[in-house]
Amino acid sequence: MRRFGHRGKNAFLERQERCTIGLWLMRAVAFTEEGRRWYRKDKDHWDDIEEIFGIPERDDKDRGRRPLSLSALKAEIKKVERGRQTPDPTIRRNITILARAIDLTDVEKEILGFALYASPSDTMTDFFNSMTPLALPRMSRVIAAMLKINESKVLIALDRDSTLMASGLVKLELSMEYHVSPIQVMDDLALILMDSYESEDDLMNRFFRPSPPPELTPDDFPYLRREINLLHAYLQKAVEGGVKGVNILLHGLPGIGKTQLARAISNRVSNRMYEVTVNTNEKRDRRGRLESLLLSQSFLRKRKGSVILFDEIEDLFPYEPLSFFFPTENKSCSEKDRMNRLLEENLVPTIWIGNKIRHIDPAVVRRFDIILEMKKPPRNVRENILRDRLSHLSLPVEDIRTMAGIADLTPADAEKLSKVLSVAGLGAKNNAEAAALLTEQRLLSRGSSTGKKIRPPALLEYSYDFVNASMDVTRLAEAIGKSGRGTMCLYGPSGTGKTAYARHLAKSMGHPLVAKRASDLLSMWVGETEKQMAAMFDEARDEDAILLLDEADSFLHDRRTASRSWEVTQVNEMLVQMENFDGVFICSTNLMENIDQASLRRFDFKVYFDYLTSTQRRELFLRVMSIIDAKPKELAPIWHRLDRLNNLTCGDFIVFLRQWSLLKESCGPIDILKALEKESLAKQDGHNVVIGFVG
């Protein structure tokens, strides 16, 4: 036989069972047909039910043979009512605080106390589950009998538009499965109400709290000036006019300042912004936060000028990519209904914050008044933020500019850099190196390419003199710089300066460089690579940057040899984006023969970067000797051997310079030559190179 009682280990509710649950059930049995039917349905339960009532154990001859008579039961009710214990005073006081805070009627206040005790009770759940079909009028009639309240007033209090139900403190699930109470309270409400609070605001802080002052102002987001002006005007008029159903959604990558912008705009409109509390309890995050939001709406509607901030909207709409294979618990119809009604009828303007919204039901998204995607701040904004946050750390100006050139660096990263370096106290000499390390690690944690790391100072200054290309790259750079647009495909062996040329072109034009590789764009999900391609071009537009795509053969391979549909769609997407891009787009590849022939026609210039000429090799050799302070000796034998290394590039000379800078050893011309010979032999075509010996 099942033992009636309460689910969970709530000592408070266990103490209230006899004086509260038992009395309510006795009244239901005495005064409603539903209660009598439940009491008499199974004689094996009579003794257990009477124990819940608090009725003394009967003689063995009467046990289990017949239920109590109606008159005997009413007499027992009078005894219980005369000797009834007072409910927990802390709980009662907090219920009174809640009722006063959101203007609950006396009936709503009583029903809140009823739901608090009844919802976790197995006995009460068993009773309500016996009332099938369970409809609101029927339930209202029974609750009215239990609480000795007018039935029509109970029906009004349980209406979904009542203050009690709209607050989220109590919810009805009349179509729920068996063994689940049809009347429930906000998650963790019983535990919250068991604590003592000094004031109304002190209690409300468990559900929502005043927002801290913004650390930024709208002026810190100049690239969103038009959007901010619209948001401010709309929110200002909505607050002043008490407009109903005002909801604004800000979404974008983490750390780019969405919450700070929301606080900054709200601060201009009113200094009464409140944030719904984020709880680490997963169950409360997914259900309780919506209930907390509903409560905040009920409470703050009396405080003119209030604005609510709901951060991490993902708590309400969690991303579940494998839900098709592993179904998760779905929201009930009532929760969906409450969400839709909230977005249409909320009395307090609400700003919602989210990182990803693509997985949210479009029927929900369309209910937001303004939807603003916040993209990464452009380079000049990032530089201003870095200067402001890191000004006290004495970082070199060039390092600040270099960090600002990293598109993936967010305002939140700048804040963390400032915190770590300030606390660590490494000193001005070590801060630059530490900043580079911290920045690189933060980028790697998000899966960003290591190509975005802060680069060490160049060992060899870039010069067009050491570019052996199929056309005049100096003239090409001047032409592109004047027009500000153009597409080019740079191809040729590795190390010949293709990427370096793109970087130098961006620097000479005074534009940032957005550099992408295959690892930045390729995804395991079908269609995701195409989205990354589109995002790459969008980023270049937003940054007003030169766009460089390295390893272009990965995305522009010949469609005639494609064996999968997505290989074709990737090429098509790239071509469409190229057509629509009105900036400078540079592709580089070592495998020109693999590129789709139709794609090549989209490039304004196709420039071949070849190995260094004999003259360039000698001039670069002398430049390297000057850098390492090597004493010139008889160079004729050196030139003889160097002239035979016809597959050398600038990259080979830079490899030697890196080795020299690490080993810190004194080197001469012969050491440079030997290093270059090794690099030449290591190449795939090194077997074609004839290397002689000095006699």
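If you're wondering where the values come from, they're calculated on a predicted model, not measured in any experiment. (Residues numbered from 1 in each chain as written. Predicted model: local features only at pLDDT ≥ 70, side-chain atom pairs only at ≥ 80, totals over all residues. Heavy atoms only, no water.)

1. Some details on the nonpolar core
Formed by 86 residues in total, the largest nonpolar core has its most connected members in Phe114, Met124, Phe127, Leu169, Leu189 and Trp352. Ignoring sequence-local partners within four residues, the contact set of phenylalanine 114 consists of Trp24, Met124, Phe128, Ile143, Met146, Leu147 and Ile183. Judged by nonpolar contacts, the second largest core, of 25 residues, contains Leu521, Phe537, Ala552 and Phe585. (Core = buried A, V, L, I, M, F, W, Y, C linked by side-chain atoms within 4.5 Å. Buried < 20%, exposed > 50% of the residue type's maximum accessible area, 1.4 Å probe, protein only. Contact = heavy atoms within 4.5 Å.)

2. A word on the packing of aromatic side chains
Two aromatic rings, taken as a pair, are described by how far apart their centres are and by the angle between their planes. One pass over the structure, following the stated rule, counts 16 aromatic pairs. Each ring, one from tryptophan 24 and one from phenylalanine 114, has its centre 4.8 Å from the other, and the planes form 55°; the classification is tilted. Residue tryptophan 24 is found in helix α1 (residues 11–31), and its partner phenylalanine 114 is found in helix α6 (residues 106–118); the two are separated by 90 residues along the sequence. Residues phenylalanine 537 and phenylalanine 581 carry aromatic rings whose centres are separated by 5.4 Å and whose planes lie at 70° to one another, so their mutual orientation is edge-to-face. One end of the pair, phenylalanine 537, is in helix α25 (residues 528–543); the other, phenylalanine 581, is in the loop between α26 (565–580) and β13 (584–589), with 44 residues separating them in the sequence. By relative accessible area, which is 7% here, phenylalanine 581 ends up buried. Ring pairs connect the aromatic residues Tyr462, Tyr464, Tyr501 and Phe609, which therefore count as one cluster. Note that arginine 289 overlies the ring of phenylalanine 310, its terminal NZ or CZ placed 4.2 Å from the centroid. (Phe/Tyr/Trp six-rings, centres within 6.5 Å; stacked < 30°, edge-to-face > 60°. Helix = DSSP H or I, 4+ residues; strand = E, 2+ residues; numbered from the N terminus. Lys NZ or Arg CZ within 6 Å of the ring centre and 35° of its normal.)

3. Here we look at empty space enclosed by the protein
Inspection of every chain in the model, using the stated rule, returns four cavities of 30 Å³ or more. What the largest cavity holds in volume is close to 50 Å³. Around the largest cavity, the lining residues are Pro377, Arg382, Ile385, Leu386, Leu409, Thr410, Pro411 and Ala414. Contributing elements (two or more residues each) for the lining of the largest cavity: α18 (379–390) and α20 (411–424). Sorting elements by how many residues they give to the lining of the largest cavity places α18 first, with three residues. (1 Å grid on protein atoms, 1.4 Å probe; cavity = no way out; pocket = protein on both sides within 12 Å on 5 of 7 lines; lining within 4 Å. Points joined across faces, edges and corners; volume = space filled by probe spheres on them.)

4. With respect to α6
Here α6 is 13 residues long and its end C-alpha atoms lie 18 Å apart, about the 18 Å a rise of 1.5 Å per residue gives. With eleven of its 13 residues buried, α6 lies for the most part within the structure. Taken as a whole, α6 has its buried residues at Val107, Glu108, Lys109, Ile111, Leu112, Gly113, Phe114, Ala115, Leu116, Tyr117 and Ala118. (Expected span 1.5 Å × (residues − 1).)

5. Side note on the environment of serine 666
Mapped onto the elements, serine 666 comes out in the loop between α30 (650–663) and α31 (669–681). Take serine 666: its relative accessible area is 76%, and that puts it in the exposed class. Sequence separation between serine 666 and aspartate 629 is 37 residues; the distance between their C-alpha atoms is 8.8 Å.

6. Observations concerning the packing of helix α28 (residues 614–627) against α30
Viewed as axis vectors pointing N to C, α28 and α30 meet at an angle of 15°, and their least axial separation amounts to 11 Å. One way to sum up the angle between α28 and α30 is to call them roughly parallel. The two elements α28 and α30 meet at a crossing, and its hand is right-handed. Side by side, α28 and α30 meet where Arg617, Leu620, Phe621, Val624 and Ile627 of the first sit next to Cys650, Phe653, Phe656, Leu657 and Trp660 of the second. Looking at side-chain class alone, the contact of α28 with α30 contains nine nonpolar, no polar and one charged residues. (Axes fitted to C-alpha atoms, helices over the stretch in contact; angles between N-to-C directions. Parallel < 35°, antiparallel > 145°, perpendicular 65-115°, else oblique. Left-handed = near helix turned anticlockwise from the far one by under 90°. Nonpolar A, V, L, I, M, F, W, Y, C, P; charged D, E, K, R; others polar.)

7. Overview of the pairing of strand β12 (residues 546–550)
Counted residue by residue, β12 has four buried out of five residues, so it is predominantly covered. For strand β11 (residues 513–516) and β12, the ladder comprises four bridges, and the chain directions are parallel. Bridge assignment links leucine 513 to a residue of β12, and that residue is isoleucine 546. (Pairing = 2+ DSSP bridges.)

8. Description of the sheet that holds strand β9 (residues 468–469)
If you trace the six strands from one edge of the open sheet to the other, you get β9-β14-β10-β13-β12-β11, paired in mixed fashion. Edge strands, defined here as strands with exactly one partner in the open sheet, are β9 and β11. With six bridges joining them, strand β10 (residues 486–491) and β13 adopt parallel strand pairing. The residue of β13 that forms the bridge with tyrosine 491 is threonine 589. Those strands touched by helix α22 (residues 473–483) are β9, β10, β13 and β14 (605–610), and its axis lies near 145° from that of β14.

9. Digging into unusual backbone geometry
Geometrically, the link from threonine 132 to proline 133 is a cis peptide bond, its omega value of -5° lying close to zero. Note that proline 133 resides in the loop between α7 (122–129) and α8 (136–147). Phi angles above zero are rare outside glycine, and lysine 148 is one such case at about 60°. With respect to the helices, strands and loops of the structure, lysine 148 is situated in the loop between α8 and α9 (151–157). Positioned with a positive phi, glutamate 551 is a non-glycine residue whose angle comes to about 55°. As for its position among the elements, glutamate 551 is in the loop between β12 and α26. Residue classification places glutamate 551 among the partly exposed positions, given a relative accessible area of 26%.

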